[in-house]
Amino acid sequence: MTERNLEGNRIRGRIERLRIRILGLRGDAILVTHLPNIAYLCGFTGSNGMLLVEPHRATLFTDGRYTIQAPEEAAGTGVRVRIAKKGLLGEVGTALRGGDRGKRRVLFPPSKVSVGQAQQLRAASGPRVLWSSDKNTVEELRAVKDAGELDTMREAARLISEVFDELTGLIQPGITENEIAAEAEYRMRRKGASGPSFESIVAAGPRSALPHARPTQRQIGKNELVVLDLGAILRGYCSDMTRTVFVGKAPRKVRGWYHAVLDAQLAAIAALGAGVAAGDVDAAARRTLRRHGLAKAFTHSTGHGLGLEVHEIPRLARGDTAKLAAGNVVTIEPGVYIEGSGGIRIEDDVAIGERGVEILTRATKEFLEL
Ligand code: GLY
Ligand code: MN
């Protein structure tokens, strides 16, 4: 059996699991419109497509640009490909019209379909289709990674850790944030990534206090904090890692902040486990920063699920009661942000197992003074 067939068989199991969920939701079919969900279920990586999963067949609707690619990628998954000649929505709707049975309940994700698209689908499918909201059915399947996915994510995390290690040799006064970001993305690709998993963040000096800063032409100065938040996509799977370094010898106060964030990050990792409420992990980080008098400087949530997308469920946010499960891969990324001075964030990717956790990102968390 070829590698592709093995891959296809593994993916085929995903559609079967989805069908069982659909039955549990008393649906007759599901229309999958979010591209990462489609990639997960049938391997298709194009930029336009809809996957209709019915009890006895699954059909990928896409356009003429993917005439060769779509059947190749979906080979072995049991999904048939239909190249739509006149627009996907019309063809999906018409396909659902067929047959002489009674009403059909078709699940769809309202948050991933525009009002205009929903109207077109309803018009094309006619009155026998009852469109019913689905929230996160495919995302819930995706949140639990299998062994093959974990292997890829381990590699993606190792790749970004190596990129960071290389960058530490380049960070010095006079180099710009943009130059460091460009070096990071160049090195990701050289190591086999298809690209960054989000816009790389390189933020120096007071700009490091902006949690989602965009790199600029600003030169890194002496005695400045630099936040590097980088991720790479490897064979479809994302990594996401943050490290904070200091250019020069850090003052005692900045060292204190760094060690407070590291304490909080380790406390959150220690709180992780199958069956633990996501909000309890967030609380562990927040409690630690409160002890250091820095609770107010932590202005975002502790982490998020990671996989085919850089942000997926579960969310590790304040008060979230969702229970973590073995197979989840999450980031743990507390930070403190002091306006006018700078910010510090430390982020790892962590896989949750039945018995303990595995930290996938490898770069050192010692406070580097470069
Ligand atoms: N590393 C970017 C983010 O998590 O939003
Ligand atoms: Mn992140």
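Residues numbered from 1 in each chain as written. Chains lettered and ligands numbered in written order. Predicted model: local features only at pLDDT ≥ 70, side-chain atom pairs only at ≥ 80, totals over all residues. Heavy atoms only, no water.

(A) A look at the coordination of the manganese ion (ligand 2). At the metal site, the manganese ion (ligand 2) is ligated by D240 (OD), H304 (NE2), E333 (OE) and E347 (OE), and these contacts range over 2.1 to 2.3 Å. In primary-sequence terms, the residues that donate to the manganese ion (ligand 2) follow D-x63-H-x28-E-x13-E. Of this pair, D240 sits in the loop between strand 11 (237-238) and strand 12 (241-247) while H304 sits in strand 13 (residues 303-305), and the two are 64 residues apart along the sequence. Taken as a pair, D240 and H304 share a single burial class, namely buried. (Donors = N, O, S within 2.8 Å, 3.2 Å for Na, K, Ca; no water. Helix = DSSP H or I, 4+ residues; strand = E, 2+ residues; numbered from the N terminus. Buried < 20%, exposed > 50% of the residue type's maximum accessible area, 1.4 Å probe, protein only.)

(B) Main features of the packing of helix 9 (residues 252-271) against helix 10 (residues 278-291). Relative to each other, helix 9 and helix 10 sit at 155°, their axes nearing to 8 Å. For the element pair helix 9 / helix 10, the angle class is roughly antiparallel. As helix 9 packs across helix 10, the resulting crossing turns out to be right-handed. On helix 10, the residues that touch A260, V261, D263, A264, A267, A268 and A271 of helix 9 are D280, V281, A284, A285, T288 and L289. Looking at side-chain class alone, the contact of helix 9 with helix 10 contains 10 nonpolar, 1 polar and 2 charged residues. (Axes fitted to C-alpha atoms, helices over the stretch in contact; angles between N-to-C directions. Parallel < 35°, antiparallel > 145°, perpendicular 65-115°, else oblique. Left-handed = near helix turned anticlockwise from the far one by under 90°. Contact = heavy atoms within 4.5 Å. Nonpolar A, V, L, I, M, F, W, Y, C, P; charged D, E, K, R; others polar.)

(C) Spatial organisation of the site of ligand 1. By nearness alone, every residue bordering ligand 1 is listed as F198, H212, D229, D240, H304, H311, E333 and E347. Within the side chain of D240, a nitrogen or oxygen atom sits 2.7 Å from a nitrogen atom of ligand 1. Contact distances for ligand 1 include 2.8 Å between an oxygen atom and a side-chain N or O atom of H311. In the complex, the protein chains occlude 94% of the 190 Å² of accessible area that ligand 1 would expose alone. (Near = heavy atom within 4 Å. Polar contact = N/O pair within 3.5 Å; in protein donor to acceptor, adjacent residues only side chain to side chain. Areas by Shrake-Rupley, 256 points an atom, 1.4 Å probe, with all protein chains shown as cover.)

(D) Here's a closer look at the sheet that holds strand 9 (residues 224-230). Taken in spatial order, the 3 strands make up an open sheet running 8-9-12, and their pairing is antiparallel. Among the strands making up the open sheet, the edge pair consists of strand 8 (201-204) and strand 12. Pairwise comparison of adjacent strand axes, ignoring direction, gives a mean angle of 10° for this sheet. Pairing geometry for strand 9 and strand 12, over 7 bridges, is antiparallel. Looking at strand 12, one finds that L230 is bridged to M241. Helix 8 (residues 177-190) rests against strand 8 and strand 9 of the sheet, and its axis sits at about 155° to strand 8. (Pairing = 2+ DSSP bridges.)

(E) Quick look at unusual backbone geometry. In this chain, I313 is followed by P314 through a cis amide linkage whose omega measures 0°. Within the secondary structure layout, P314 lies in strand 14 (residues 312-316).

(F) Just the sheet that holds strand 1 (residues 29-32), in detail. Spatially, 6 strands are ordered 4-3-2-1-5-6 in an open sheet, and the strand pairing comes out mixed. The open sheet has two edge strands with one neighbour each: strand 4 (79-83) and strand 6 (129-133). Strand-to-strand twist of the sheet, defined as the mean angle between neighbouring strand axes without regard to direction, takes the value 25°. Running at roughly 155° to strand 3 (residues 58-62), helix 4 (residues 88-97) makes contact with strand 1, strand 2 (50-53), strand 3, strand 4, strand 5 (104-108) and strand 6 of the sheet. Each of strand 1, strand 5 and strand 6 is contacted by helix 5 (residues 115-125), which is oriented at about 155° to strand 6, the strand it contacts most.

(G) View of the packing of aromatic side chains. Under the definition given, this model contains 3 aromatic pairs. Relative to Y66, the ring of F44 has its centre 5.2 Å away and its plane inclined at 90°; by these criteria the two rings are edge-to-face. Within this pair, whereas F44 is found in the loop between helix 2 (35-42) and strand 2, its partner Y66 is found in the loop between strand 3 and helix 3 (69-74), the two being separated by 22 residues in sequence. When sorted by exposure, F44 lands in the same class as Y66, which is buried. Ring geometry for Y258 and F367: centres 4.3 Å apart, planes at 20°, overall stacked. With Y258 in helix 9 and F367 in the segment after strand 19 (356-359), this residue pair connects regions lying 109 residues apart in the sequence. (Phe/Tyr/Trp six-rings, centres within 6.5 Å; stacked < 30°, edge-to-face > 60°.)

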